[in-house]
Amino acid sequence: MTFKRFIGTFILITGLLTVGTSYAQEYNFIHYDVKDGLAGSTVYDLCQDKDGFIWFATEAGISRFDGTRFKNFTTTDGLPETEILKLFSDSKGRIWMAPFKNNICYYYRGKIYNQENDPILKKIVLSSVVTNIQESEEHHIALKTDVDITIIEPDTVIKIGRNRFELNQLFIRPGPFGKGFQININDSCFIMAGRSMKNVPCSTVGGSLHFNERLHKVRSTLKITAEDFTPGIDNLLFSNTYDGSWMVDTTTFDRYEERFLKGKQISHAFVDKEKNIWFATLGGGVYKLASREFKTFYFKKNITSEIFSLEKINDKIYAGTGFGRVYIWNGSTFDTLNANKEFEKSINYNSTNRVVCLKKIQDGSLLMGSDGLLVKNTPAGKIFTPRLYAIKSFDELENGLLVVGTARRTMLVEPRYLVVQDTVWPYRSTGVCFYNNSYYIGTVNGLYIVTKDKKVRFLGDDYPPLRQRISYFAKSPDGRLWIATYGAGVICMKDDKVINNITTREGISSNICRTLFVNNNYLWVGTDKGLNKVNISQTPYPVTIYSTSDGLPSDIINTLYVDGTTIYVGSPAGLTYFDETKVTNYSKCNLRILDISIGNKSQPLQESYRIHYRENSLKISFTGISFNSGGNVSYRYRLKGLTNIWDSTGQNVLEYPSIPPGNYEFELIAVNKKGIISNPAKISFMVEAPFWQTLPFQVSIIAVAILITWILVAWRFSILRKKEQERSSIQQKLNELEQMALRAQMNPHFIFNCLNSIQNFIITNDLEATNWYLTEFAHLIRQTLDNSEKSTISITNEIKYLKRYLELEMMRFGHSFEYNIEADPELDCDVVSIPTMILQPYIENSIRHGIRYKENGGGRIDIKFQKSEGGFICIIQDNGIGRKKANEFKSRVRVEYQSKGMSLTAERINILNRQLIEPITIEINDLINENEKALGTRIIIRFPYSINLKPVKK
């Protein structure tokens, strides 16, 4: 009998030591450590509170986790000691914490209560570190140490210790019959309710968990750190050791079902409300096991674990990986198909030779495509074509021919000996497919259709999403073609027309889609953010998402194969498989308000708030707790009274910088990855109106506004009157200057000289010259008087006036000079005008001071009217003695008459420019040769096309 027990125990231990290592199958754990926000990597205990948060006791403080973010607490937040050994969540929502010292504290509604700030906790005197915390039906708390028990009631503290019993073994739990606690001391059992302690037979209340004798012997060899039992959730019991955690069969308690995290020092394990299993480790952080249905072959002993392609042939799964290898899984063992030797003859030998394509073709052979090698595996051996660039995709035609897409071209290949027959597409492709009697060529620039007679059509011109990179093709039995893209989701075509587009708006996890598989009425989509199962028989398409939060080792899905209800997934982590019917979709989403700040001050959480108008900024922090969503939780919210429209966000903080006075109700819900909607949160806010929004104040403000408006209007009218007076004054002065310019233009000296010239012609009996001169002089006087009444004069009339004036001056000076007047043909001289009496003073100045003193005669005056940018110019140029020498003559010779024509004209132009939109400018240049000898003077006057006055404001 003893020998049989020994053999049974030996077999049990041997089985335990081999569980989880055969075939390198492993569960997919999600690991959290300090880098993820956990307070410390040594985790002594963990628990889940009534709100759904999971708490971790570490050597560096407490961490609270909502599935996305960690919130840490240390001594600065009220902990009596940084290192916390024990946690307990009670029915009131308090989190009790036992530090590594003789002390106790708890967290409740944002605050840590300790033995310094809580009157009940002050009464507690602990003899040792608390090792266990329990709660009775009436919500009393029991603290167990190695030597005593302390029971905390609402208004008192009861202590049971060495003074009453000789303690060797001490056990406590809630009373099995209702109120109080069951306390087992050594071999005796007691029920303590209130202050009475009653001895009862242990057979009626039970002791600790009962293990089968065989299991008990094995347990004694495991060096157990703690045992955790979660009744009411999964009835799972874990024996935690320094070499992993063992799960007990709680049906018979006679064996261990599985071993988790071999080699890790497990302190505690528990199952949360969403059926996730959590393991706390000493030095390794925390591990979460989302599902035991997902199992992965990691191939850790090989060069790479990544799987790029999958196919099933004769009940065997073929998995393409790197270095020309294909793993073959028959359900119990692996075999390896190696084409790396053939790859040595490839032109891409320096690559990793990834096997990215696998397909069973019509003759039953396995076709393999890699980074430069097309291989056909037959019972007789391998047939391969090495002179190819990297294979990207291939498909089989009905006649057995293969269309193969590579990094350089797409070609037709004869399947028997893999001989290239033709080139379908002479450029790089990313995926190929033969559909609807045409070749569909996927590229980095989008989708092309090539007919058998090689006519090319680019579908991106007709449908912009098809300009994205094409990654994969899949055909469904109903004749639809499904196209995976990098950026536009999945596009569905039928008869060369796009009929649908599935993107994140329709519920898939990402628009970057890497692979596809059609199984009956379901389309499986592998993306960079998990695996999607799309029901294509319904519209809109229902979508189920699988990701790392569900048990996958990676969210990057390279390839997949669906075999009935078993799903095979290839990822950078390895080969994963699961039975979709056994994967639970159970999930919860709990919405919790974390903090409300009003006027940048945190407020206690309550259902309604009254806000002063000076502190009307609002900040609300919240979280949606869903550990099966991997942080993929969205929120919908609205602030009724401000808007009735629901908005969405992925953030967990909302801010309203300035809320107007009024009554508001904030509404918020959370939606997790599986579409579970949380409990709604509603909070009321009333923002007080400031005193200036009261009726008396508003009436007084209106009155003051009317008074100020009247004052401003009166002030504005006074400014306008003043401007009008200034304008009238300027106009009056301008008129005076025009009269002065007229007198200066026809100065007495000029008239006197003209009369002398007439007298001289009479004396010399030159009656013909006398008559001509007198007639021209009279015409000039008449024309001057006519022009003085006008503000502007056309260029044509100005030229006539200047010619008459210059003819008289030529005769007066004995024809000692000549002149020339030119007008640009592009100028409409009859339409374009200039201010009157502007040019004559400058011409007079040229004759009087420039040409008059020129030796040997030969004077010349040139007048030109030329078109310029934005207007026209008038150039008056003489070949006189220059301004410098003329000034010398003025200083030596007595001036019998002082001309003020130029200065008056300049002042007149300045006054005009104040009124003109575009000003008149004057430029005077002295002309000299290379020896700096004066050659004359040039005057350039720039006029705008039209003389327009600035508008007067009314």
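Residues numbered from 1 in each chain as written. Predicted model: local features only at pLDDT ≥ 70, side-chain atom pairs only at ≥ 80, totals over all residues. Heavy atoms only, no water.

In the nomenclature of an unreviewed UniProt entry, the chain corresponds to Signal transduction histidine kinase internal region domain-containing protein from the organism Niastella populi.

### Points about the overall build of the chain
Defined as follows: Every helix listed is a DSSP run of H or I at least four residues long, and every strand listed is a run of E at least two residues long, numbered separately from the N terminus. Think of it in three bands: residues with accessible area under 20% of the maximum for their type are buried, residues over 50% are exposed, and the middle band is partly exposed, with areas taken using a 1.4 Å probe on protein chains only. Each accessible area is a Shrake-Rupley result for a 1.4 Å probe, and residues are judged covered by the shown protein chains and nothing else.
Per the secondary structure count, the chain includes eleven helices and 69 strands. Residues counted as buried form 50% of the 954 residues belonging to the chain. Accessible surface for the chain amounts to roughly 47000 Å². Of this, 49% is attributable to carbon and sulfur atoms.

### A short note on the packing of helix α8 (residues 795-812) against helix α9 (residues 840-851)
This is how it is decided: Between the N-to-C directions of two axes lies an angle of 0 to 180 degrees, each axis being a line fitted to C-alpha atoms and, for a helix, fitted only over the stretch in contact. Working definition: roughly parallel below 35 degrees, roughly antiparallel above 145 degrees, roughly perpendicular at 65 to 115 degrees, and oblique for all remaining angles. The sense of a crossing depends on the near helix, which, turned anticlockwise from the far helix by less than a right angle, makes the crossing left-handed and, turned clockwise, makes it right-handed. Contacts were defined at the residue level, with two residues in contact if any of their heavy atoms lie within 4.5 Å. Following the grouping adopted for this structure description, the nonpolar residues are Ala, Val, Leu, Ile, Met, Phe, Trp, Tyr, Cys and Pro, the charged ones are Asp, Glu, Lys and Arg, and the polar ones are all others, Gly among them.
Two elements in contact, α8 and α9, have axes whose closest approach is 11 Å; the angle formed by their N-to-C orientations is 20 degrees. Taken together, the axes of α8 and α9 are roughly parallel relative to one another. Considering how the two elements wind past one another, α8 and α9 form a crossing that is right-handed. Facing α8, whose interface residues are Tyr801, Leu802, Tyr805, Leu806 and Glu809, α9 presents Gln840, Ile843, Glu844 and Ile847. Its residues placed into classes, the contact of α8 with α9 shows six nonpolar, one polar and two charged.

### Concerning the sheet that holds strand β61 (residues 662-671)
Applied cut-off: For two strands to pair, DSSP has to find at least two bridges joining them.
What the five strands build is an open sheet, ordered β56-β62-β61-β58-β59; its pairing is mixed. The open sheet is flanked by β56 (608-611) and β59 (647-649), the only strands paired with a single partner. When the angles between neighbouring strand axes are averaged without regard to direction, this sheet yields 25 degrees. In terms of strand pairing, strand β58 (residues 634-640) meets β59 through three bridges, oriented antiparallel. Pairing of Tyr637 across the sheet is with Asp647, part of β59.

### What to know about the pairing of strand β15 (residues 170-174)
Where β15 meets strand β16 (residues 181-185), five bridges bridge the pair, whose relative direction is antiparallel. Counterpart to Leu170 in the pairing with β16 is Ile185.

### Considerations on the side chain of Thr378
Worth spelling out the cut-off: Each polar contact in these results corresponds to two N or O atoms within 3.5 Å; when the atoms are within protein, one needs to be able to donate a hydrogen and the other to accept it, and residues that are neighboring in sequence are counted only if both atoms are side-chain atoms.
With respect to the helices and strands, the residue Thr378 is situated in strand β33 (residues 374-378). Here the side chain of Thr378 touches Gly381 through a polar contact of 2.6 Å, landing on its backbone oxygen.

### Observations concerning the environment of Asn377
On the secondary structure map, Asn377 appears in strand β33. For the pair formed by Asn377 and Leu367, sequence separation is ten residues and the distance between their alpha carbons is 6.4 Å. Leave out the neighbours within four places in its chain, and Asn377 touches Leu337, Ser365, Leu366 and Lys382.

### Concerning the nonpolar core
Which entries qualify depends on this criterion: Only buried Ala, Val, Leu, Ile, Met, Phe, Trp, Tyr and Cys residues count toward a nonpolar core, and they belong to the same one when joined by side-chain atoms within 4.5 Å.
Among the nonpolar cores identified, the biggest contains 42 residues, and Leu806, Leu839, Ile843, Ile861, Ile863, Phe865 and Phe943 are the most heavily contacted of them. Here this core takes nine residues from α8, the largest share from any one element. Apart from the residues within four sequence positions on either side, Leu839 is in contact with Glu798, Leu802, Ile834, Phe865, Cys874, Ile876, Ile941 and Phe943. Core analysis: the second largest hydrophobic core is formed by 29 residues, Cys47, Trp55, Trp278 and Ala280 among them.

### Some thoughts on the packing of aromatic side chains
Applicable threshold: Centres within 6.5 Å make a pair out of two Phe, Tyr or Trp rings, where for Trp the six-membered ring is used; the pair is then stacked when the planes are under 30 degrees apart, edge-to-face when over 60, and tilted otherwise.
Under the defined criterion, the tally for this structure stands at 44 aromatic pairs. Between the aromatic rings of Tyr327 and Phe334, the centroid separation amounts to 6.3 Å while the plane-to-plane angle is 80 degrees, which identifies the pairing as edge-to-face. With relative accessibility at 27%, the residue Phe334 sits in the partly exposed group. An aromatic cluster of three or more residues is present, and its members are Phe297, Phe299, Tyr327, Trp329, Phe334, Tyr568 and Tyr577.

### Section: the pattern of salt bridges
Test applied: In the sections that follow, a salt bridge refers to a side-chain nitrogen of Lys or Arg positioned within 4 Å of a carboxyl oxygen of Asp or Glu.
Under the counting rule described, the total for this entry stands at 27 salt bridges. When the shortest N-O distance is used, the salt bridge between Asp90 and Arg94 registers 2.6 Å. Both residues of the pair, Asp90 and Arg94, belong to the buried class. Lys601 is paired through a salt bridge with Glu615; the nearest N and O atoms lie 3.9 Å apart. Taken as a pair, Lys601 in strand β55 (residues 601-603) and Glu615 in the loop between β56 and β57 (618-625) lie far apart in primary sequence, 14 residues in all. In this structure, a network of salt bridges that share partners links the residues Lys312, Asp315 and Asp563.

### Brief notes about the UniProt feature "transmembrane region" (unreviewed entry) in the chain
Put simply, the rule reads: UniProt positions are given in the numbering used here, feature names are shortened, and annotations may be inferred rather than shown by experiment.
In this structure's numbering, the residues bearing the UniProt feature "transmembrane region" (unreviewed entry) are residues 695-717. Across residues 695-717, helical content stands at 100% and strand content at 0%; the span's end C-alpha atoms are separated by 33 Å.

### Topic: the sheet that holds β16
Read from one edge to the other, the open sheet built from four strands follows the order β15-β16-β17-β18, with strand pairing classed as antiparallel. Each edge of the sheet is formed by a strand with only one pairing partner; in this case those strands are β15 and β18 (196-200). Averaged over all pairs of adjacent strands, the angle between strand axes in this sheet comes to 25 degrees, irrespective of strand direction.

### Focus on the state of the cysteines
Convention followed: Throughout, disulfides are identified as pairs of cysteine sulfur atoms within 2.5 Å of each other.
By the definition in use, this model includes one disulfide. Two residues, Cys189 and Cys202, share a disulfide whose sulfurs are 1.9 Å apart. An S-S torsion of about 110 degrees defines the bridge between Cys189 and Cys202 as right-handed. Here the residue Cys189 occupies a position in strand β17 (residues 188-193), and Cys202 occupies one in helix α2 (residues 202-205), the gap between them amounting to 13 residues. Its relative accessible area of 2% is what places Cys189 among the buried residues. What makes Cys202 partly exposed here is its relative accessible area of 28%.

### With respect to α9
Put simply, the rule reads: Expected helix span is given by 1.5 Å per residue-to-residue step, counting one fewer step than there are residues.
The terminal C-alpha atoms of α9 lie 15 Å apart, and with twelve residues this matches the ideal 16 Å at 1.5 Å per residue to within 8%. Most of α9 sits out of view: eleven of its twelve residues are buried. Buried residues of α9: Gln840, Pro841, Tyr842, Ile843, Glu844, Ser846, Ile847, Arg848, His849, Gly850 and Ile851, and no others.

### Quick look at the side chain of Asp49
The following threshold applies: Only four residue types enter the tally: Lys and Arg on the positive side, Asp and Glu on the negative side; His and the chain ends are excluded.
Mapping Asp49 onto the fold places it in the loop between β3 (43-48) and β4 (54-58). No salt bridge forms around the buried Asp49; measuring N to O, its nearest opposite-charge neighbour Lys273 is 5.9 Å away. Within the structure, the side chain of Asp49 is placed 3.0 Å from the backbone nitrogen of Asp51, a separation counted as a polar contact. A polar contact of 2.9 Å, which involves the side chain of Asp49, links it to the backbone nitrogen of Phe53.

### Some details on the environment of Asp878
Inspection of the secondary structure puts Asp878 in strand β67 (residues 871-878). With a relative accessible area of 6%, Asp878 lands in the buried category. Along the sequence, Asp878 and Arg860 sit 18 residues apart, while their C-alpha atoms lie 5.6 Å from each other. Here the side chain of Asp878 touches Gly880 through a polar contact of 2.8 Å, landing on its backbone nitrogen.

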